[in-house]
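If you want the building blocks of each chain, they are given just below.
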Amino acid sequence: MTSPPRAARRDGGDLGIWLADRRAEVDAALDRFLPVAPACPPRVSDAMRYSVFAGGKRLRPTLALAAAEAVAAANGDDPALARALALPVACALELIHTYSLIHDDLPAMDDDTLRRGRPTSHVVFGEGLAILAGDGLLTEAFALMAREPAVDADPVLVRRKVRAIGIIAEAAGACGMVGGQAIDLEAAGSGAAFDRDGLRAMHARKTGALIGASAAAGAVLAGATDDQLASIERFAAELGLAFQIVDDILDVEGASADLGKTAGKDAAAGKPTYPALFGLERSRQMSADCVQRALEALRATRLEGRLPDIARWILNRRT
Ligand code: GRG
């Protein structure tokens, strides 16, 4: 599977280099942070690592790091220091995202056999271990954030960290991603159709919540003011929707080999998607409008850095 950092690098942009550097930083940290035998039974450690290191764009960690940098730069603080502070949270977000993909692919959920260009976890390890690998990743994410960075001596940083953990827990939980998945599951089972608002509300929980939490947690760790946080939240809400609309478009237009997952699956299953509801052209326009609004949200508080480029990358992504 072609990863966006490499794809972006091919496009020759400065963003491509920044993304590749962030991805390398996140991957190295994930390798350090994930438990190994004998602390953890090898089978579960192998299954967790199989999915985490299968590729993936690392969008959520990248957003957290970019938001931390942008806030630090705007407030006259050191962006590299803010990024270092946000790195464990960035990794935890990727662990939570990977758990959601493993569970989403299970026969009881979306029942898929290809993810990140590889056979899905339950195909390789069996259903029981795939469930446990997901459970392990979710739990390790919170253990990691509790442990790192070690800021106990600094009450300001402790407060920021606890707030960031709370934001992520809410986004991943029953009122966020889990709730969105439950709505999706129920609709798939009953054959109920979504209208525009229903589709948007489902995706806001299922994919939007964690994307929003990624940007918000990075901003909070870097000491965002209330105005800055509100601006980042508006940016990320639009970005999350754009991401989902583009995902639906790619499901129609993309090839499984490029996407690293089964293309055309949503259409084949008669799932409610943006192209199904609005057609491809209108969906493209809607995703571009979301990104436009996302950029405006940032301008309101002059928070920029890498965030606008990331928004444009999401709009133009092919994987
Ligand atoms: C099982 C609680 C639970 C939730 C699952 C996120 C999710 C909820 C399911 C994934 C289903 C899906 C394919 C949704 C479309 C948007 C999406 C999350 C795509 C995958 O995210 P990317 O493109 O993946 O960031 P990579 O592999 O690049 O990290």
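See above for the structure.
The structure presented is a predicted model; accordingly, all values stated were derived computationally and were not measured.

**Thoughts on unusual backbone geometry**
Excluding glycine, residues mostly carry a negative phi; peptide bonds, for their part, are mostly trans.
Now for step 1: Cis geometry is found at the peptide bond from Ala37 to Pro38, where omega equals 5 degrees.
Now for step 2: The omega angle of the peptide bond from Glu148 to Pro149 is -10 degrees, so this bond is cis rather than trans.
Now for step 3: Structurally, Pro149 is set in the loop between α7 (127-147) and α8 (155-172).
Now for step 4: Positive phi values are uncommon outside glycine, yet Arg58 reaches one of about 60 degrees.
Now for step 5: One non-glycine residue, Arg302, lies in the positive phi region at around 50 degrees.

**Brief notes about the nonpolar core**
Now for step 1: Of all hydrophobic cores here, the largest spans 92 residues; its most connected members are Leu63, Phe235 and Ile310.
Now for step 2: Beyond its immediate chain neighbours, meaning those up to four positions away, Leu63 contacts Ile211, Ser214, Ala215, Phe235, Leu239, Leu307 and Ile310.

**Regarding empty space enclosed by the protein**
Now for step 1: Summed over all chains, the structure comprises two cavities of 30 Å³ or more.
Now for step 2: One number sums up the size of the largest cavity: a volume of about 90 Å³.
Now for step 3: Residue lining of the largest cavity: 13 residues in total, with Ser51, Ile102, Arg115, Thr120 and Ser121 positioned closest to the centre.
Now for step 4: Counting only elements with at least two residues in the lining of the largest cavity, the list comes to α3 (42-52), α5 (79-104) and β2 (118-119).
Now for step 5: The dominant element in the lining of the largest cavity, judged by the number of residues it contributes, is α5, at three residues.
Now for step 6: Tallied by class, the residues present in the lining of the largest cavity amount to five nonpolar, four polar and four charged.
Now for step 7: Looking at the second largest cavity, its volume works out to about 30 Å³.
Now for step 8: Taken together, Phe33, Leu34, Pro35, Leu95, Glu140, Leu144 and Arg147 make up the full set of residues lining the second largest cavity.
Now for step 9: Per-element tally for the lining of the second largest cavity: the top contributor is α7, with three residues.
Now for step 10: Looking at the lining of the second largest cavity residue by residue, the class counts come to five nonpolar, no polar and two charged.

**Some details on the layout of surface pockets**
One way to see where empty space is left: roll a probe the size of a water molecule over the atoms.
Now for step 1: One number sums up the size of the largest pocket: a volume of about 970 Å³.
Now for step 2: What lines the largest pocket is a set of 46 residues, and nearest its centre among them are Leu101, Asp104, Arg115, Lys206 and Thr207.
Now for step 3: Elements that contribute at least two residues to the lining of the largest pocket include exactly α4 (59-74), α5, α9 (177-190), α10 (196-221), α11 (226-253) and α13 (265-268).
Now for step 4: Looking at side-chain class alone, the lining of the largest pocket contains 15 nonpolar, 12 polar and 19 charged residues.

**Comments concerning the site of the ligand**
Now for step 1: Around the ligand, the surrounding shell holds 20 residues, and the nearest of these are Lys57, Arg60, His97, Asp104 and Arg116.
Now for step 2: Contact between the ligand and His97: an oxygen atom at 2.8 Å from a side-chain N or O atom of the residue.
Now for step 3: In this structure, an oxygen atom belonging to the ligand sits 2.8 Å away from a side-chain N or O atom of Arg116.
Now for step 4: For the ligand, whose accessible area on its own is 700 Å², the fraction buried by protein is 93%.
Now for step 5: Judged by its atoms lying within 2 Å of the grid points, the ligand is housed in the largest pocket.
Now for step 6: For the shell around the ligand, the secondary structure elements donating two or more residues are α5, α9, α10 and α11.
Now for step 7: Broken down by element, the shell around the ligand gets its largest block of residues, six residues, from α5.

**Let's talk about the pattern of salt bridges**
Now for step 1: Taken as a whole and assessed by the stated rule, the structure comprises 18 salt bridges.
Now for step 2: The salt bridge involving Arg83 is made with Glu25; its shortest N-O contact spans 3.8 Å. Residue Arg83 is found in helix α5, and its partner Glu25 is found in helix α2 (residues 14-33); the two are separated by 58 residues along the sequence.
Now for step 3: Glu25 sits in the partly exposed class, given a relative accessible area of 26%.
Now for step 4: Bridged by salt links that share partners, the residues Arg23, Asp27, Arg58, Glu94 and Arg116 form one connected network.

**Some details on α4**
Now for step 1: Given a rise of 1.5 Å per residue, 16 residues ought to cover 22 Å, and the 22 Å separating the end C-alpha atoms of α4 matches this to within 8%.
Now for step 2: Burial runs high along α4: 14 of the 16 residues are buried.
Now for step 3: At the C-terminal side of α4, Gly76 shows a positive phi close to 75 degrees.

Reading guide: rules and limits
Residues numbered from 1 in each chain as written. Predicted model: local features only at pLDDT ≥ 70, side-chain atom pairs only at ≥ 80, totals over all residues. Heavy atoms only, no water. Helix = DSSP H or I, 4+ residues; strand = E, 2+ residues; numbered from the N terminus. Core = buried A, V, L, I, M, F, W, Y, C linked by side-chain atoms within 4.5 Å. Buried < 20%, exposed > 50% of the residue type's maximum accessible area, 1.4 Å probe, protein only. Contact = heavy atoms within 4.5 Å. 1 Å grid on protein atoms, 1.4 Å probe; cavity = no way out; pocket = protein on both sides within 12 Å on 5 of 7 lines; lining within 4 Å. Points joined across faces, edges and corners; volume = space filled by probe spheres on them. Nonpolar A, V, L, I, M, F, W, Y, C, P; charged D, E, K, R; others polar. Near = heavy atom within 4 Å. Polar contact = N/O pair within 3.5 Å; in protein donor to acceptor, adjacent residues only side chain to side chain. Areas by Shrake-Rupley, 256 points an atom, 1.4 Å probe, with all protein chains shown as cover. Sits in = over half its atoms within 2 Å of the grid points. Salt bridge = Lys/Arg side-chain N within 4 Å of Asp/Glu carboxyl O. Expected span 1.5 Å × (residues − 1).

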